[in-house]
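Okay, here's what each chain looks like letter by letter:
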Amino acid sequence: MQPQTVETHVATFADLDTRTLHDLLRLRVDVFVVEQECAYPELDGRDTEPGTRHLWLARGGTPVAYLRILADPHGVARIGRVLVAREARGDGLAGRLMTEALRVVGDRPSVLDAQAHLAGFYARFGYTATGPEYVEDGIPHIPMRRDPR
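The rules we used
- Residues numbered from 1 in each chain as written.
- Predicted model: local features only at pLDDT ≥ 70, side-chain atom pairs only at ≥ 80, totals over all residues.
- Heavy atoms only, no water.
- 1 Å grid on protein atoms, 1.4 Å probe; cavity = no way out; pocket = protein on both sides within 12 Å on 5 of 7 lines; lining within 4 Å.
- Points joined across faces, edges and corners; volume = space filled by probe spheres on them.
- Helix = DSSP H or I, 4+ residues; strand = E, 2+ residues; numbered from the N terminus.
- Nonpolar A, V, L, I, M, F, W, Y, C, P; charged D, E, K, R; others polar.
- Salt bridge = Lys/Arg side-chain N within 4 Å of Asp/Glu carboxyl O.
- Buried < 20%, exposed > 50% of the residue type's maximum accessible area, 1.4 Å probe, protein only.
- pLDDT = per-residue confidence, 0-100.
- Expected span 1.5 Å × (residues − 1).
- Bend = angle between axes of the 7 residues up to and from the residue.
- Contact = heavy atoms within 4.5 Å.
- Polar contact = N/O pair within 3.5 Å; in protein donor to acceptor, adjacent residues only side chain to side chain.

Let's talk about the layout of surface pockets
Here the largest pocket defines a volume of roughly 770 Å³. Sort the elements by how many residues they give to the lining of the largest pocket and strand β4 (residues 77-84) lands first, with 7 residues. Classifying every residue of the lining of the largest pocket by side-chain character gives 17 nonpolar, 5 polar and 8 charged. Contributing to the lining of the second largest pocket are 14 residues, with Leu 27, Asp 30, Pro 63, Ala 85 and Glu 87 lying nearest its centre. Only α1 (18-35) and β3 (62-71) provide two or more residues apiece to the lining of the second largest pocket.

Remarks on the pattern of salt bridges
The full count for this structure, using the stated rule, is 13 salt bridges. Ionic pairing is found between Arg 68 and Asp 47, a salt bridge with its closest N-O pair at 2.8 Å. Within this pair, whereas Arg 68 is found in strand β3, its partner Asp 47 is found in the loop between α1 and β2 (53-59), the two being separated by 21 residues in sequence. Neither residue differs from the other here; Arg 68 and Asp 47 are each classed as buried. Note that Asp 147 is salt-bridged to Arg 145, the shortest N-O span being 2.9 Å. Among the residues examined, Arg 145 registers a relative accessible area of 28% and is labelled partly exposed. One salt-bridge network, in which partners are shared between bridges, spans Arg 28, Asp 44, Asp 47, Arg 68 and Arg 81.

Focus on the confidence of the model for the protein chain
The predicted model of the protein chain has a mean per-residue pLDDT of 92, with 97% of residues at 70 or higher. Ranking the elements of the protein chain by mean pLDDT puts α1 last with 89 and strand β6 (residues 128-129) first with 98.

Describing α1
Counted at 1.5 Å a residue, the expected span for α1 with its 18 residues is 26 Å, and the 24 Å between its end C-alpha atoms agrees. At Val 29, α1 shows its maximal bend, which comes to roughly 30°. For α1, every residue scored as buried is listed here: Thr 20, Asp 23, Leu 24, Leu 27, Arg 28, Val 31 and Phe 32. Buried-residue contacts for α1 involve β2, β3 and β4. At the N-terminal end of α1, a side-chain oxygen is found 3.1 Å from the backbone nitrogen of Arg 19, two or three residues along, and the residue is Asp 17. Following α1 by one or two positions, Glu 37 adopts a phi angle in the positive range, close to 55°.

Take a look at the structure:
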């Protein structure tokens, strides 16, 4: 049996249908709140902002990887909520997701707060640490930035 094709999707909040929104939020909660045991306000109000882009990869219509791109002040894009579903890890989807995110970001600078153990992964995409490590929701993070070349 051949592996299912992975489809790439990018949408504003207004362009998400209710089923897709449900599936994306469920995936975010499954990974961040349940798997990583982080009780925090997952629905922070930024998903609905006009400048936010939701980017996800799906197999057979089911989201398996996700991130969002926020419009921060001064033309900076903020990448966050980066995840790959547990059952889809190891298939290179995180790299594919980041490559697509950088295509969407274009020539704008971008920032993210990397879980510390993933700083090397983000460094492969041109991100460098911009501050000291800090702990958020019990997980060490590092602020990182990528400037256009």
